[in-house]
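Residue-level listing of the chains:
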Amino acid sequence: MLKSIDPVKIEGQAAEMLHRILEHIPSIERLEIRRPSTAGERSIDLVAHIDIFGRRHTLVAEVKASGQPRQVRPALLMLKDYAARQAETVTPVFIAPYLSAEAQALCREYDVAFLDLEGNARLAFGTFFIARQVASKPAAERRELRSLFKPKSAQVLRQMLREPNRPWRVAELAQAAHVSLGHVSNVRTALVEREWAQVADEGVFLSNPDALLDAWREAYEPPAGKRQTFYTTLHGSAFTEALRAMPASSAETGRVALATFSAAQWLAAYSRTGIQYFYADKMGLQQLQTALHLSPAGKGENVVVTVLDDLGVFLDTDKPATGIVCTSPVQTYLDLAHAGERGREAAEHLRKEKLQWSL
């Protein structure tokens, strides 16, 4: 739950940040930033008058407590409308505590200058152009993204990414993802606020699955679990046949899925690896040890099994061939993207082959 933000405090911080950026322009002869005082100005939050080489420039700013794209878009429209109604030329500026890459792109699309309290800025007036980009994200934004990609929320996202065009009712999505109605509602709100999803009469659907997947990749944390290493004498077709002969992956017999490079080999082959990777639950590990004749290996392992703490990954698996169960293309992509340079290359190949959406 986000804390309520004092709008007066935010406006004060916005004025300070705007002043801090502009004061470094050596040719500024006069700089005045104030809150609107006349009735005609009260639809905006800040007015800045800047004198450069004897010429006055006026910036009008809208300040919002949220920089999520859904909140940004109407503010930009209001600013453009306000600027168009002024007798003199004014430069519209949007200011928020933090503006993501998507929010910044919106500002550029509407030709509105912007800055945030983290230090990102793009201001253009007269012959002056100022652009600043910082890599940091505020703690609140990092917490929100981590929350959106936690295991229970990830179960919802994986279901939606399977069919981005499909509209989902909250109840049916909760049932498919094995989470509560409240959890789906929270995820839906977060997606809509970022304009990664839209709500239609039939339900919520993903409007920008690529942006969602990009953000997930950047914030991704691999599934927690105990990583165990083994050695098997089985190779090639003998290894594959032993896998096929295992009981079907289930809660009763044990859950097992090929993961990372091993899953990618079946989903979109890119390069071979000498190690086979699996996700499993405790019963699944026992099944693997028996079927593949696994021996513990301190070094020289050729099988790596991660016994997962949370089993949500197994709700979204693929069966690319008879008797073969892999993590889904989305899960495999995320894991590969965090598996070194070779993994990133395999991830991009998988994305081109399996994660191209036409909306």
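Our subject is the structure that appears above.
Figured I'd write up the structure that's included with this text. No experiment lies behind these values; they were computed from the predicted model shown.

What follows deals with the overall build of the protein chain. Counting its regular elements, the protein chain contains 13 helices and 16 strands. A compact globule built from 359 residues should have a C-alpha radius of gyration of about 21 Å, whereas the protein chain, at 26 Å, is more than 25% larger. Principal-axis analysis of the C-alpha atoms places the extent of the protein chain at approximately 85 × 45 × 35 Å. Taken over 359 residues, the protein chain has a buried fraction of 48%. Look at the contacts in the protein chain between residues 6 or more apart in sequence, and 62% of them connect residues 24 or more apart. Split by element, the accessible area of the protein chain, about 18000 Å² in all, is 49% carbon and sulfur. Each charge sign in the protein chain was given a centre, from 43 positive and 42 negative side chains, and these centres are 3 Å apart.

Strand direction decides the pairing type here: strand S15 (residues 317-321) and strand S16 (residues 324-327), joined by three bridges, are antiparallel. Note on S16: the bridge partner recorded for Asp318 is Cys326. Here S15 folds back onto S16 in antiparallel fashion, the turn holding two residues, of which Gly323 has a positive phi close to 80 degrees.

Inspection of the sheet shows strand S10 (residues 225-231) paired to strand S14 (residues 303-308) by six bridges, in the antiparallel sense. From the neighbouring strand, Phe230 faces S14, where its bridge partner is Val303. Bridge count for S10 against strand S13 (residues 295-296) is two bridges, and the pairing is antiparallel. From the neighbouring strand, Phe230 faces S13, where its bridge partner is Pro296.

What follows concerns helix H7 (residues 181-193). The terminal C-alpha atoms of H7 lie 18 Å apart, and with 13 residues this matches the ideal 18 Å at 1.5 Å per residue to within 8%. One or two steps after H7, the chain reaches Glu195, where phi turns positive at roughly 60 degrees.

Side chains that are nonpolar tend, in soluble globular proteins, to be buried together. In terms of nonpolar packing, the biggest core is built from 65 residues, with Leu191, Phe278 and Leu288 touching the most fellow members. Aside from chain neighbours lying at most four places away, what touches Leu288 is Leu243, Met246, Val256, Phe278, Ala280, His293, Leu294 and Val305. Judged by nonpolar contacts, the second largest core, of 25 residues, contains Ala14, Met17, Leu59 and Leu115.

What follows deals with the packing of helix H5 (residues 151-162) against helix H8 (residues 209-219). Between H5 and H8, the shortest axis-to-axis distance is 11 Å and the interhelical angle comes to 145 degrees. The hand of the H5/H8 crossing is left-handed. Residues Ala154, Leu157, Arg158 and Leu161 of H5 lie in contact with H8, whose contacting residues are Pro209, Leu212 and Trp216. Residue composition of the contact of H5 with H8, grouped by class: six nonpolar, no polar and one charged.

Another aspect to go through is a positive patch on the surface. Side chains of Arg142, Arg143, Arg146 and Lys150 sit close together on the surface and give a patch of like positive charge. The class of Lys150 is partly exposed, set by a relative accessible area of 41%.

A few words on the pattern of salt bridges. Scanning the model with the defined rule gives 21 salt bridges in all. Close ionic contact of Arg30 with Glu32 constitutes a salt bridge, the shortest N to O distance being 3.0 Å. Given a relative accessible area of 35%, Arg30 falls into the partly exposed group. A salt bridge links Arg351 to Asp210, with the shortest nitrogen-to-oxygen separation between them at 3.2 Å. Here Arg351 is found in helix H13 (residues 340-354), whereas its partner Asp210 is found in helix H8, with 141 residues between them in sequence. Judged by its relative accessible area of 8%, Arg351 is buried. Several salt bridges converge on common partners, so that one network encompasses Arg30, Glu32, Arg34, Asp51 and Arg56.

Let us look at unusual backbone geometry. Here the phi dihedral of Phe53 falls at roughly 50 degrees; this positive angle occurs in a residue that is not glycine. Mapped onto the elements of the fold, Phe53 is located in the loop between strand S2 (46-52) and strand S3 (55-63). Taking relative accessible area as the criterion, Phe53 reaches 65% and is therefore assigned exposed. Non-glycine residue His178 carries a positive phi angle of around 60 degrees. Mapped onto the fold, His178 is located in the loop between helix H6 (170-177) and H7.

Topologically, Arg194 is positioned in the loop between H7 and strand S8 (197-200). Since its relative accessible area comes to 6%, Arg194 is described here as buried.

Reading the values: the criteria
- Residues numbered from 1 in each chain as written.
- Predicted model: local features only at pLDDT ≥ 70, side-chain atom pairs only at ≥ 80, totals over all residues.
- Heavy atoms only, no water.
- Helix = DSSP H or I, 4+ residues; strand = E, 2+ residues; numbered from the N terminus.
- Rg over C-alpha atoms; globule rule 2.2 N^0.38 Å.
- Buried < 20%, exposed > 50% of the residue type's maximum accessible area, 1.4 Å probe, protein only.
- Contact = heavy atoms within 4.5 Å.
- Areas by Shrake-Rupley, 256 points an atom, 1.4 Å probe, with all protein chains shown as cover.
- Lys, Arg positive; Asp, Glu negative; His and termini not counted.
- Charge placed at Lys NZ, Arg CZ, Asp CG, Glu CD.
- Pairing = 2+ DSSP bridges.
- Expected span 1.5 Å × (residues − 1).
- Core = buried A, V, L, I, M, F, W, Y, C linked by side-chain atoms within 4.5 Å.
- Axes fitted to C-alpha atoms, helices over the stretch in contact; angles between N-to-C directions.
- Left-handed = near helix turned anticlockwise from the far one by under 90°.
- Nonpolar A, V, L, I, M, F, W, Y, C, P; charged D, E, K, R; others polar.
- Patch = residues over 30% accessible without salt bridge, like charges linked within 9 Å, V, L, I, M, F, W, Y side chains within 5 Å.
- Salt bridge = Lys/Arg side-chain N within 4 Å of Asp/Glu carboxyl O.

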